Amino acid sequence: MRGGKQILKLTGLNLPGRSGLFDLPIRNGLIASISESDQERSNGLALPAFYEPHVHANRAYSNVDADARSLAGAIEASVLDRESATVADYRSRSERLFRQALSMGTLAIRTHTDLDKMSGFRALEGIALANQEIDGVMDVETVAFLTTKLDPASGEARAYMSAAKGLQATYVGAVPAFYDDPARSIDAIMEFAANNALNVDLHVDEHLNADRMMSEYAAQSAIRFNLEGRVTLSHCSTLSQLADADLHRVIDTFLQARVDVVSLPATNLYLQDRNAQNPRQRGVTALNSLLEAGVPVLFGSDNVRDFFFRYGNADPLESAFLAALSGHVRDDRHLLKGICGGVCDFNVGGRADLVILQSASFDDALSQRPLRRRVLRDGICVSNPSP
């Protein structure tokens, strides 16, 4: 029974950043102690449970044969889908995505959920129904995601965002670059969030043109509306194109605004420079500069087998692997924090939320990404039980 008295002893485990094997007795859902084990053989690698900071659950699996030739082409295909998709479609896709993410070791997830005049609230309603199916096992954060068809600066958008709050949305988001006046749209969504106790997660600079960069402006807007620590900037691909002096200036603004950055390496690698015969610009943000400066950086899956990305399986280990590969992130602590919600180790007295893999080390886990994983929430197995 969750929350009731229980004792579970996990023995002979490898832990990230530590040599040897360890025992983790769990009492009442908490880690009671961490001690060296007398086991001679490893029973697997224990990692903190994963946090998936950026998916589009209502689009997941919407077109498994999709092969976007550009970001614009993917957007066009998704518009056609929104015209016909039903609440049942959105619920089915989201449930499948949530179950898949859970099996990978994810116990908390943030999904951007389409909101516009065309699809109305169907996606939010489908997400809410899917959330009921996984409530108590996985925590779901919902972003009311204004599409290209609904500018945050319009009065109509404000009415939609107000209604979305009643449908369990705790974030508002959009893609400012697709509106007539991106700066005005950013300010509008920041102002609405500040006045309605909501957080913000914006898709910004998902392109490689430094002259169109809006991420710095978004951070400045967060400061103006007293939203420090409540804003996430997703993608930020353009930072990879800046000269060092410009990059350092932008990062200083990020630090003042206390923004989080979410990097989506799979989708950005897939779509940026897509039409080139031999792609040269790969679209992953300036990961090492951000991390070294102390900006919190998380790694997300973004799209899973939809119009924007035909592959993917909502595996945070894959996101970390791609960050290491494409962004040369070398520090295991940065990689772990990026997929574990800022956590990279276990603490006595902490919640026993963890995933156990048949791996000898974190490097081994990144290399093999084994699919059979034992996932525990509050010390109770919630996915893929094994002896």
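The structure under discussion appears in the preceding block.
One structure accompanies this document, and this report is about it.

The rules behind each value
Residues numbered from 1 in each chain as written. Predicted model: local features only at pLDDT ≥ 70, side-chain atom pairs only at ≥ 80, totals over all residues. Heavy atoms only, no water. Pairing = 2+ DSSP bridges. Helix = DSSP H or I, 4+ residues; strand = E, 2+ residues; numbered from the N terminus. Axes fitted to C-alpha atoms, helices over the stretch in contact; angles between N-to-C directions. Contact = heavy atoms within 4.5 Å. Buried < 20%, exposed > 50% of the residue type's maximum accessible area, 1.4 Å probe, protein only. Lys, Arg positive; Asp, Glu negative; His and termini not counted. Salt bridge = Lys/Arg side-chain N within 4 Å of Asp/Glu carboxyl O.

### Topic: the sheet that holds strand β9 (residues 171-174)
Then step 1. Pairing in this open sheet of eight strands is parallel, and the strands run β6-β7-β8-β9-β10-β11-β12-β13 from one edge to the other. The two strands at the open ends of the sheet, each matched to only one other strand, are β6 (50-55) and β13 (297-299). Taking the axes of each pair of neighbouring strands and ignoring which way they run, one obtains an average angle of 25 degrees across the sheet.
Then step 2. Bridge analysis of strand β7 (residues 106-115) against strand β8 (residues 139-146) gives eight bridges, and the strand direction is parallel. For I109, the partnering residue across the bridge sits in β8 and is V140.
Then step 3. Running at roughly 155 degrees to β7, helix α2 (residues 87-104) makes contact with β6, β7 and β8 of the sheet.
Then step 4. Where helix α5 (residues 182-195) meets the sheet, its contacts fall on β9, β10 (199-204) and β11 (231-235), and the angle it forms with β10 comes to roughly 160 degrees.

### Thoughts on the side chain of D302
Then step 1. Its location among the elements puts D302 in the loop between β13 and α10 (316-327).
Then step 2. As a buried residue without a salt bridge, D302 has its nearest oppositely charged side chain in R59, at a separation of 6.4 Å.
Then step 3. Residues contacting D302, with those up to four places away along its chain left out, are E52, H54, V55, H56, H235, L264 and T267.

### Things to note about the pattern of salt bridges
Then step 1. For the structure on display, the rule yields 17 salt bridges.
Then step 2. R18 is the partner of D345 in a salt bridge, and the nearest nitrogen-oxygen pair spans 3.2 Å. Here D345 is found in the loop between α11 (332-339) and β14 (354-357), whereas its partner R18 is found in the loop between β1 (7-13) and β2 (22-27), with 327 residues between them in sequence.
Then step 3. Looking at R18, the relative accessible area reads 30%, which means it is partly exposed.
Then step 4. Where D378 meets R351, a salt bridge forms, and the shortest distance between an N and an O atom there is 3.1 Å. With D378 in the loop between β15 (373-377) and β16 (380-383) and R351 in the loop between α11 and β14, the pair connects residues that are 27 residues apart, well separated along the chain.
Then step 5. Note on D378: relative accessible area 15%, which makes it buried.
Then step 6. Look at the salt bridges and you will find they share partners, linking R91, E95 and E133 into a network.

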